[in-house]
Amino acid sequence: MRVLYILQSTNVIAGATKAFMNMLRGLMKKGVEPEVLLPGSDGIYDILVKEKIVTHVLNYRSHVYPSVNSLKDFFLFFPRLFMRCVLERRAVSKLKDIVKKRNIDIIHTNVSVVKIGYKVALDLNVKHLYHVREYGDLDFGLKYIPIRQALINQLGDGKTYSVFITKDVQRHYGQQRNPRSCVIYDGAIKYRTYEELPSIKTEERFFLFAGRIEPAKGAYELIDAYVKYSENTKGTILPLFIAGEWHNKSYYNKIMERIPDGEIRNRIHFLGRVSNINELMAKTWAIVIPSINEGFGLCTAEAMSNLCLVIGRNTGGTKEQFDSGLALQGREIGIRFQNDSELPKLLEYVAEMGEEERNAYVLPAFHVVNQLYTAESHANSIFELYNQMMRE
């Protein structure tokens, strides 16, 4: 079967993009003929071309209202909104030609915020699948055009299929009883046998944050907690490494203003974009996942697969991963915190933790992700869904 995948961006390190590439490579082994539509010819475009995957480029934007973070954004809101509608209309017209010319069987939209695939599939009577990887409003503060209910209506209209990355995201859109909706966890890791279990390296002890430095990821809340931990603990103070990029200057400035000069500032290391995050995770004593509402938490699963202890906010996909681990192992596979006030004390507790106590978390966690979140099992589930779609 020939499947056209529509991506929201060309960002190589975004969780949705990484999960997509894991899925794509697995499906190609099963005989799926993929084609990919991108909004630009950079980033992941180069990877797809190098792997000889048919790739199309059209100028389109997310089907959400433009963000307003400054006075300039306020004055440009309506011009930007108008241009988004114009670009979407043009993209739909060009996409129809691609779908007809390339004999596409299924259009698979990789996120919920792009609508052109749904429109074209409806007009041409082609199968369509929404891959809903985000809450939208709770995690990124997005506002769907014209209202969020319009997307919910699409998901439940009986004309499209939908796959959600967690049960909680599915509940957020009210699709639990929709027969054309299902939950398939992301394929975050490659399956490894017990003999391939990575060695536990704990010569260095430090905390890690990995992800975009933005409000949705809770970077400021972590920095605030780390400062309080550093100021109040009477025990060992572990350094904090921040692996990720920032694009919001005012948010970055807010973070830097929270870090006092002197020893505490010297213990916080901004690494920027890291090329081999798995290697860094394998050396980390504990990673902190402070995201306010994480859709799935690819980083959480990756960390567990590298025998890295996870300290995570007990919400969204992070909570669901912890809950699944507790159900399968009969014990916690990570350390949860309910609110920001708990985090400084947890950092202090984990910093003083012995290796035997730490291993009691990381070893069961490894076996959970190896059972639930492998790229192989994810590709199998998506392929079965494709076959179901083609039969109906």
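Criteria and thresholds
- Residues numbered from 1 in each chain as written.
- Predicted model: local features only at pLDDT ≥ 70, side-chain atom pairs only at ≥ 80, totals over all residues.
- Heavy atoms only, no water.
- Core = buried A, V, L, I, M, F, W, Y, C linked by side-chain atoms within 4.5 Å.
- Buried < 20%, exposed > 50% of the residue type's maximum accessible area, 1.4 Å probe, protein only.
- Helix = DSSP H or I, 4+ residues; strand = E, 2+ residues; numbered from the N terminus.
- Contact = heavy atoms within 4.5 Å.
- Pairing = 2+ DSSP bridges.
- Axes fitted to C-alpha atoms, helices over the stretch in contact; angles between N-to-C directions.
- Salt bridge = Lys/Arg side-chain N within 4 Å of Asp/Glu carboxyl O.

(A) Layout of the nonpolar core. Phe 207, Ile 311, Leu 347 and Val 350 are the most contacted members of the largest nonpolar core, which totals 36 residues. If you tally residues by element for this core, the top one is helix H8 (residues 219–232), at eight residues. In contact with Phe 207, not counting residues within four places along its chain, are Tyr 226, Tyr 229, Leu 238, Pro 239, Leu 240, Phe 241, Thr 284, Ala 286, Ile 311, Leu 347, Val 350 and Ala 351. Judged by nonpolar contacts, the second largest core, of 31 residues, contains Leu 58, Ile 98, Val 111 and Val 132.

(B) Spotlight on the sheet that holds strand E4 (residues 106–109). As summarised here, the arrangement of the seven strands in space is E3-E2-E1-E4-E5-E6-E7, forming an open sheet in which the pairing is parallel. The strands lining the two open edges of the sheet, one partner per strand, are strand E3 (54–57) and strand E7 (181–183). When the angles between neighbouring strand axes are averaged without regard to direction, this sheet yields 20°. In terms of strand pairing, strand E1 (residues 2–6) meets E4 through four bridges, oriented parallel.

(C) Looking closely at the sheet that holds strand E13 (residues 335–337). Sheet architecture is open: six strands sit in the order E10-E9-E8-E11-E12-E13, paired in parallel fashion. Taken across any chain shown, the strands that pair with only one partner, and hence form the sheet edges, are strand E10 (268–272) and E13. Averaged over neighbouring strand pairs, the angle between their axes works out to 25° when direction is ignored. Inspection of the sheet shows strand E9 (residues 240–243) paired to E10 by four bridges, in the parallel sense. In the sheet register, Phe 241 faces E10, and the bridge partner there is His 269.

(D) Unusual backbone geometry, seen in detail. Between Ile 145 and Pro 146 the backbone carries a cis peptide bond, its omega angle lying at -10°. With respect to the helices, strands and loops of the structure, Pro 146 is situated in the loop between helix H5 (137–140) and helix H6 (148–155). Unlike most non-glycine residues, Lys 52 shows phi in positive territory, near 60°. Non-glycine residue Asn 103 carries a positive phi angle of around 55°. One can find Asn 103 in the loop between helix H3 (71–101) and E4. Residue class for Asn 103 comes out exposed when judged on its relative accessible area of 57%.

(E) Local environment of the pairing of strand E11 (residues 286–289). The side-chain alternation of E11 yields two buried faces, one formed by Ala 286 and Val 288 and the other by Ile 287 and Ile 289. Relative to E11, strand E8 (residues 207–210) runs parallel, the two sharing two bridges. Its bridge partner lying in E11, Leu 208 is registered against Ile 287. Pairing of E11 with strand E12 (residues 309–313), which is carried by four bridges, proceeds in the parallel orientation. Across the sheet, the residue bridging to Ala 286 is Leu 309, located in E12.

(F) Looking closely at the pattern of salt bridges. In total, this model carries 24 salt bridges according to the counting rule given. A salt bridge links Glu 302 to Lys 18, with the shortest nitrogen-to-oxygen separation between them at 3.3 Å. Pair noted here: Glu 302 is in helix H12 (residues 298–305) and Lys 18 is in helix H1 (residues 15–29), with a separation of 284 residues, a long-range link. Overall, Lys 18 belongs to the partly exposed group, its relative accessible area being 27%. One salt bridge connects Glu 348 with Lys 345, and the closest N-O pair in it is separated by 3.5 Å. Placement of both Glu 348 and Lys 345 in helix H14 (residues 343–351) is noted, with a separation of three residues, approximately one turn of the helix. One continuous salt-bridge network, built from bridges that share partners, spans Arg 2, Glu 33, Glu 35 and Arg 102.

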